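# Summary of the model geometry
So you can see what is in the structure, the chains are spelled out below.
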Amino acid sequence: EFEGISLTAGYSAFQHDNDNDYVQGKLDARGFDYPTGDSGFDGISNNIDFAIGSSFADGRGHAMAWLTWRKNDALFQGQRDYSSCALSSSGTSCGGSATNAAGNFYVYQFNDMGTEDDEDDFFFGSSASLNPDGSWLDAYGAPYNYAPINYYQRPDERYTFGASVKYEINEHFKPYLETMYINRKSAIQVAESGAFFTGPLSLDCSDPLLGSLCDDFGLDSVNGPVGVYVAKRNVEGGPRHFADETSAFRVVAGLEGAINDSWSYNASFLYGQTTQTIIGTGDFLSDRIVDALLGCPDGSFDGCIFYNVWEPNSVTAEAAAQLQGTSLLNTQTELTSFNAYVTGDLGFGFGSAKGDNLSLVVGTEWREEKYDFTADSHSQAGNFAGAGGPALPLAGKISVEELFLEANIPILKDVGIVKSWGVELGYRHSDYNLSGGADTYKIASSMDFGMVKVRGGFNHAIRAPSTAELFATNQIALFGGLDPCGGDFDDATSTPEPKFTSAQCENLHVDPSDYGFIALNPAAQYNQFVGGNVDLKPEAADTWTFGVVFTPIDDLRITLDYYNIEIEDTIGTIGAQTTVDFCGLTGDAFLCSLVNRNANFGDLWRGSDPATSGHVVNLTGNFGSVQYRGLDLGAAYGWDMLGGRFSVGFQGNFLLDQEISPLASSDASDAIVDATTYDCVGKINSHCQSPEWRHIANIRYSRDWFTVNLRWRYFGEMDYIDDNNDPLFGDRLLCDNDKNAACLGDGSLGAVNYLDLSGSALIGEWGELTIGVNNIADKTPPLVGATLALNANSPGGYDQAGRYFFASFSVKF
């Protein structure tokens with residue numbers, strides 16, 4: 001019903017003082033660049049919003065339209081000192097990727113290139129890199145710092161447009177039409193591609209490509225050829241870049257009106273479509289790398305240029321360019337829906353309700369969602385070195401037919417101390433073409449005693465799988481974590497000591513003779529096999545709530561609500577790290593069947609081909625259950641003072657339980673289900689990040705022409721303990737230094753407080769100015785090692801980029 005014209009222009013930006021001595025010291029130790037001092041305004045965002053509306057035909061019709069524009073500048077992790085390198089798993093050094101700028105190698109020799117399982121075979125294996133003079137060193141060179149060129153905030157530009165019109169022919173017929181359109185252009189940028197341990201190349205000691213390698217390592221050609229894996233970052237070609245353009249529109253046409261004095265109806269048809277196109281550049285084509293590494297022998301691809309990693313600083317930009325390809329990924333989704341319902345007063349009620357009648361809504365809905373994904377031929381073949389496995393074309397659709405009703409039943413009114421008491425009922429039956437029928441229902445009730453109101457209810461809900469969960473491409477992807485059977489990169493001078501025992505690593509398919517010699521990924525990134533599942537069923541949730549609303553005096557309102565949410569057959573994944581950890585700890589056959597180690601070297605990260613690379617199967621399924629129990633506490637109070645109005649508000653959550661069972665009894669024995677069940681309340685570890693208490697509080701002062709608001713956001717501390725509540729020591733930034741001298745923390749991630757200030761003022765008759773700053777103190781997000789980090793070197797949920805300034809000016813007339 002908006003009438004008039006509204007125009008708003010907004011500006012926002014981040015700012016941070018780069019003065020983190022701890023991370024700067026780690027960056028200095030590695031010789032990595034980083035920013036210092038005041039960053040100035042960065043990550044800038046501008047927006048303009050316009051709306052216009054009016055009634056017509058003597059008020060019988062109404063039309064409006066709106067248009068918005070927003071542009072976000074890129075903000076890189078390299079623009080903050082604390083995110084200018086990826087910390088190691090322990091958090092005590094700058095980590096990085098073994099696929100570095102100069103080139104790293106893994107070299108080995110089997111007698112006649114046999115297999116390690118043959119006792120007669122001679123085996124030698126070593127990491128390797130080139131010295132500046134071209135001789136070979138039996139160690140990897142410095143890891144590549146991939147963090148700085150990754151985005152904190154992606155650049156994007158977005159236009160949106162919408163319009164609506166409705167017209168009353170008479171009280172029984174009121175047609176309406178709504179439209180919406182959005183176009184968004186964005187970009188994703190990640191570290192350069194390269195040869196990610198490409199191989200093995202089988203080369204004879206006399207091959208000039210190896211130079212002095214055999215002499216430097218004491219290898220003899222009589223023992224057979226040398227196997228070489230090559231890890232070289234494409235710094236000559238630049239980052240991988242993905243231009244993402246998304247367009248979407250939606251049209252709703254409907255008719256509503258009165259049936260009689262007590263009943264009305266609404267019927268509508270909706271059609272929407274979203275198209276996303278992603279064009280990728282800068283990634284290597286896997287089927288070209290070996291040819292170029294070998295010096296372009298006969299039969300190489302057209303235009304091959306020698307990719308000379310065998311001599312220091314000998315790779316040219318032209319050679320890198322010949323290895324790069326362009327990818328094209330297109331996804332289109334469609335939604336078609338028809339919805340119709342009637343609502344009204346049944347004309348009767350309980351006598352105790354004193355004239356308040358029962359009311360009802362009855363309706364039906366039909367929806368169909370379509371999903372269609374196509375990719376270029378190289379992506380379909382899995383031929384991009386940094387993209388994981390094949391991106392195969394996929395199409396599918398889901399449809400559902402539904403019948404629903406809701407009823408409001410007044411029971412008591414002004415009886416004794418009870419001012420009112422009523423019950424709400426709801427029911428919906430859904431019939432999905434892929435997963436079958438499902439019922440949802442609810443019962444809720446509230447009783448008002450005046451000063452005190454009590455409320456509660458039960459709700460049985462479902463969530464059907466989305467098109468993405470059903471049809472997403474199955475492929476290799478990365479997860480951040482730790483192979484508990486790998487060695488320790490932080491202490492390369494001593495014998496590696498895996499986190500798990502030899503017996504536990506046998507569960508994870510590590511031969512006892514290889515125990516202690518499995519390579520960790522210095523970037524703390526491992527392979528998982530992910531994707532959709534057309535056999536998914538809806539997940540189901542039962543929710544119980546009970547609460548009290550207390551208003552002891554005017555303008556004071558206090559609420560306390562208890563909730564218990566139990567979700568069964570959850571749609572999701574077990575989690576690659578969870579699979580690895582509990583396979584090792586329990587030896588469960590189902591979990592351990594999901595762990596696949598590299599056949600040659602036993603690791604979980606080399607390669608990108610599901611048939612040969614180490615990986616953990618982590619496909620979407622109906623796994624396990626989740627239970628949340630907690631208390632929501634709220635309060636609001638207002639009073640007049642200093643010529644204006646003060647108001648305070650508070651909303652907090654106390655988490656009682658967050659119990660997660662990643663497995664169901666259909667997947668594993670009850671004993672394993674119990675062993676793998678854990679409670680995340682107040683913990684941070686590889687599975688959990690859940691403060692026991694968090695809240696938001698506000699104090700606001702308003703006068704006739706201006707308003708000022710101060711907000712306090714609080715995130716409670718979390719203990720660094722495992723699922724059995726025992727202290728953890730892997731992340732030295734968090735572990736307790738009273739229990740281990742190598743630790744730098746006190747056994748927890750401390751509480752975090754943020755203060756935000758904002759205000760608005762009327763300017764003249766039509767204008768309004770709003771300004772504010774979030775994170776006034778410019779707090780750095782809490783830092784953790786790579787295993788626990790979700791966003792750069794921090795867990796998720798905290799302010800990542802420093803202070804945030806915003807301002808807008810609106811004109812309405």
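Just so it is clear, the model here is predicted, and its values are computed rather than measured. (Residues numbered from 1 in each chain as written. Predicted model: local features only at pLDDT ≥ 70, side-chain atom pairs only at ≥ 80, totals over all residues. Heavy atoms only, no water.)

### A closer look at the overall build of the protein
- Of the regular secondary structure elements, the protein holds ten helices and 42 strands.
- Here the C-alpha radius of gyration of the protein, 31 Å, is about what a compact globule of 813 residues would show, namely 28 Å.
- C-alpha extents for the protein along the principal axes are approximately 100 × 60 × 55 Å.
- Each of the 813 residues in the protein was classed as buried or not, and the buried ones make up 44%.
- Relative to all contacts within the protein whose residues are 6 or more apart in sequence, the contacts with residues 24 or more apart total 71%. (Helix = DSSP H or I, 4+ residues; strand = E, 2+ residues; numbered from the N terminus. Rg over C-alpha atoms; globule rule 2.2 N^0.38 Å. Buried < 20%, exposed > 50% of the residue type's maximum accessible area, 1.4 Å probe, protein only. Contact = heavy atoms within 4.5 Å.)

### Quick look at the packing of aromatic side chains
- The final tally for this structure, using the stated rule, is 28 aromatic pairs.
- Here Phe479 and Tyr526 contribute two aromatic rings whose centre-to-centre distance is 6.0 Å and whose plane-to-plane angle is 40 degrees, an arrangement assigned as tilted. Of this pair, Phe479 sits in strand E23 (residues 475-480) while Tyr526 sits in strand E24 (residues 525-530), placing them 47 residues apart in sequence. Comparing Phe479 with Tyr526, the two get one shared label, buried.
- With a centroid separation of 5.4 Å and an interplanar angle of 10 degrees, the aromatic rings of Trp639 and Phe646 are classed as stacked.
- You can call Phe646 buried: its relative accessible area is 14%.
- An aromatic cluster is present here, built from Tyr637, Trp639, Phe646, Tyr701, Trp705 and Phe706 joined pairwise through their rings. (Phe/Tyr/Trp six-rings, centres within 6.5 Å; stacked < 30°, edge-to-face > 60°.)

### Observations concerning the sheet that holds strand E28 (residues 595-596)
- Strand order across the open sheet formed by four strands is E23-E24-E29-E28, with mixed pairing between neighbours. Since the sheet does not close on itself, it has two edges, and those belong to E23 and E28, each with one partner.
- For E24 and strand E29 (residues 615-617), the ladder comprises two bridges, and the chain directions are parallel. Its bridge partner being in E29, Gln528 is matched across the sheet by Val616.
- Against the sheet, helix H8 (residues 576-586) contacts E23, E24, E28 and E29, and its axis sits at roughly 95 degrees relative to E29. (Pairing = 2+ DSSP bridges. Axes fitted to C-alpha atoms, helices over the stretch in contact; angles between N-to-C directions.)

### A few points about the environment of Glu568
- Looking at the element boundaries, Glu568 is found in strand E26 (residues 556-568).
- On the basis of relative accessible area, Glu568 is assigned to the partly exposed category, the value being 42%.
- Between the alpha carbons of Glu568 and Ser661 there is a distance of 9.5 Å; along the sequence they are 93 residues apart.
- Beyond its immediate sequence surroundings of up to four residues, Glu568 is in contact with Glu539, Ala540, Gly624 and Ser625.

### Quick look at the side chain of Ser337
- Counting through the fold element by element, Ser337 comes out in strand E17 (residues 324-345).
- Separated by 3.3 Å, the side chains of Ser337 and Glu365 make a polar contact.
- Apart from the residues within four sequence positions on either side, Ser337 is in contact with Ser268, Phe269, Leu270, Glu365, Trp366 and Arg367. (Polar contact = N/O pair within 3.5 Å; in protein donor to acceptor, adjacent residues only side chain to side chain.)

### A closer look at the pattern of salt bridges
- One pass over the full model with this rule turns up 26 salt bridges.
- Across the pair Glu424 and Lys442 runs a salt bridge, and its minimum N-O distance is 3.8 Å. Of this pair, Glu424 sits in strand E20 (residues 418-432) while Lys442 sits in strand E21 (residues 436-448), and the two are 18 residues apart along the sequence.
- Owing to a relative accessible area of 39%, Glu424 belongs among the partly exposed residues under this scheme.
- Judged by its relative accessible area of 27%, Lys442 is partly exposed.
- In this structure, Arg597 and Asp483 form a salt bridge, with 3.0 Å as the shortest nitrogen-oxygen distance. Remark: Asp483 occurs in the loop between E23 and helix H7 (502-507) and Arg597 occurs in the loop between E28 and E29; sequence separation between them is 114 residues.
- By relative accessible area, which is 1% here, Asp483 ends up buried.
- Through salt bridges that share partners, Glu365, Arg367, Glu402 and Arg428 make up one connected network. (Salt bridge = Lys/Arg side-chain N within 4 Å of Asp/Glu carboxyl O.)

### A look at helix H1 (residues 21-30)
- Regarding H1, the residues found buried are Val23, Gln24 and Leu27. An end-on view of H1 places all buried positions within 100 degrees of arc, on one side of the element. For H1, the exposed residues set more than 90 degrees away from the buried face come down to Asp21 and Ala29.
- The N-cap residue of H1 is Asn20: its side-chain oxygen and the backbone nitrogen of Tyr22 are 3.3 Å apart.
- Trailing H1 by a residue or two, Gly31 shows a phi angle of about 75 degrees, which is positive. (Arc of directions from axis to C-beta.)

### Here's the deal with the nonpolar core
- Core analysis: the largest hydrophobic core is formed by 39 residues, its most contacted members being Phe197 and Leu508.
- Among the secondary structure elements, those contributing two or more residues to this core are strand E7 (104-110), strand E14 (226-233), H8, helix H9 (589-592) and helix H10 (670-676).
- With four residues, the top contributor of residues to this core is H8.
- Each residue touching Leu508, except ones within four places of it in the same chain, is listed here: Pro484, Cys485, Phe500, Val580, Cys583, Gly584, Val595 and Arg597.
- Within the second largest apolar cluster, 32 residues are counted, among which are Leu203, Leu209, Phe284 and Val309. (Core = buried A, V, L, I, M, F, W, Y, C linked by side-chain atoms within 4.5 Å.)

### Points about the side chain of Asn685
- Mapping Asn685 onto the fold places it in the loop between strand E34 (683-684) and strand E35 (689-690).
- Polar side-chain contacts of Asn685 include one of 2.9 Å to the backbone nitrogen of Cys688.
- A distance of 2.9 Å separates the side chain of Asn685 from the backbone oxygen of Ile721, its partner in a polar contact.
- Discounting chain neighbours no more than four positions away, the residues touching Asn685 are Ile721, Asp722, Asp723, Leu728 and Leu788.

### Some points on the state of the cysteines
- Applying the stated criterion to the full structure yields seven disulfides.
- Disulfide pairing is shown between Cys85 and Cys94; the S-S distance is 2.1 Å. For the disulfide bridge between Cys85 and Cys94, the dihedral angle about the S-S bond is near -70 degrees, and by the sign convention the bridge is left-handed. Here the two residues Cys85 and Cys94 agree in accessibility, since each one is buried.
- Residue pairing for Cys735: its cysteine sulfur links by disulfide to Cys743, the two sulfurs lying 2.0 Å apart. Taking the sign of the S-S torsion, about -105 degrees here, the bridge from Cys735 to Cys743 comes out left-handed.
- Classification of Cys735 as buried rests on a relative accessible area of 0%. (Disulfide = S-S within 2.5 Å.)

Geometric descriptors of this kind do not, in isolation, establish any biological role.
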